[in-house]
Amino acid sequence: MTTEQEPTVTELMTTRDTINVTVIYNYSTHTCNLSESENVTEAETIDGLPTNLTLTLIGFYFALMPIIITGNLLVIISYVKFKSLGSVTHLFICSLALADLLVGILTLPVYMMVKFAPELLPVGPVRDVLTSEWICIIWVITYIVPLSVSVLSLVSIVVCFFISIRWPLKFKTLLTKRRAKVIVIFIWVYVFALLPTGFKKDGHIPGRKCSFTNLSTEYFKIITFSHVVASLSLMTAMYTYVFYKMRKRRLDQMN
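None of the values given here were measured: they were computed from a predicted structure. Within any chain, residue numbers begin from 1 and follow the written order of that chain's sequence. Under the rules for a predicted model, residues below a pLDDT of 70 receive no local features and side-chain atom pairs below 80 are neither given nor counted, while totals for whole chains, interfaces and linings still include all residues. Side-chain metrics in this entry use all non-hydrogen atoms of the structure; hydrogen atoms and water are not considered.

Next up on the list: the packing of aromatic side chains. Pairs were defined over the aromatic rings of Phe, Tyr and Trp, the Trp ring being its six-membered one, requiring ring centres within 6.5 Å. Orientation was assigned from the angle between planes: stacked under 30 degrees, edge-to-face over 60, tilted for the rest. Evaluated as defined, the whole model comprises 6 aromatic pairs. When the centroid spacing of 6.0 Å and the interplanar angle of 85 degrees are considered together, the rings of Tyr-61 and Tyr-111 count as edge-to-face. Of this pair, Tyr-61 sits in helix α2 (residues 51–81) while Tyr-111 sits in helix α3 (residues 88–115); the two residues are 50 residues apart in sequence, bridging distant segments of the chain. Comment: elements are numbered from the N terminus, with helices defined as DSSP H or I runs of at least four residues and strands as E runs of at least two.

Rendered as structure tokens:
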């Protein structure tokens, strides 16, 4: 009758060391693979987007800029050159075109510069400049000013259209060219005057890309509510009224 020999202390220690080495090797290999995959993932993204998509967006923005600039320049030149386009409505359209022109000249180039360039450039003075506080302030200004002026100019156009439908005989009396110019000037001055109150003190972290965290919460609420929510609600209500009146007038003519 044979008996199994129990393993000696030396054999047990050897087996334990082998298991420990194997576990450590597997853990190290897994960690290295994880680090390599993370580096690859980071290298394949720009501003949190896949590199191919980001490059496509950059190409799209570059193609869009000359279209925006050319189209809005033609509108402004037409307003200035042809006196027949000097009506109140065309003045508001010209203000809208000027705001959109700034989008093509300033907003899109600065946006690409502060959002994509820091991740494409190596660490150095140029990258430090593109992530500095004053560049972030310029980016916020070139983003918010055209947006706010565009929305408020659209509201002015809709109000002008509403008055012409609601009080057609009093339109030229209620909305003269002089009053329209005052409204346009007020829109631009109001938007620029509101900017100094919007930036947080020490809101930018050096070396970090620009974001809307530079803006104060109160300013962001003003922009969101008055320039977007209230304006869109007002335009929707006025367009609904205009559509109702025009439809009613058409039905009356048919009868």
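What follows is about the side chain of Ser-148. Here Ser-148 is to be found in helix α6 (residues 133–166). You can call Ser-148 buried: its relative accessible area is 2%. Per-residue accessibility, obtained with a 1.4 Å probe over protein chains only, is compared with the maximum for each type, and a residue is labelled buried under 20%, exposed over 50%, and partly exposed between these values.

Summary of the metric used: pLDDT quantifies the predictor's per-residue confidence within the range 0 to 100. With 67% of its residues at a pLDDT of at least 70, the protein reaches an overall mean of 75. Averaged pLDDT values over the elements of the protein bottom out at 44 in helix α1 (residues 9–43) and peak at 91 in helix α8 (residues 177–194). In this description, contact between two residues means that some pair of their heavy atoms is separated by no more than 4.5 Å. In this model, residues 9–43 is a region of pLDDT below 50 whose contacts with residues beyond four sequence positions or in other chains number 2 contacts.

It is 7.6 Å that separates the C-alpha atoms of Ser-148 and Ile-223, two residues lying 75 residues apart in sequence. Setting aside anything within four residues of it in sequence, one finds Ser-148 in contact with Val-191, Ile-223 and His-227.

Below, the discussion takes up the nonpolar core. The criterion is simple. A nonpolar core is a set of buried Ala, Val, Leu, Ile, Met, Phe, Trp, Tyr and Cys residues joined through side-chain atoms within 4.5 Å. Phe-92 and Val-149 are the most contacted members of the largest nonpolar core, which has 35 residues in total. If you list the elements that add at least two residues to this core, you get α3, α6, α8 and α9 (217–254). When residues in this core are grouped by element, the largest group, 14 residues, is from α6. Leaving out residues up to four positions away in the same chain, Val-149 has contacts with Ser-95, Ala-99, Ile-187, Trp-188 and Val-191. If you look at the next biggest cluster of nonpolar residues, it comprises 7 residues, including Ile-58, Met-65, Ile-68 and Met-112.

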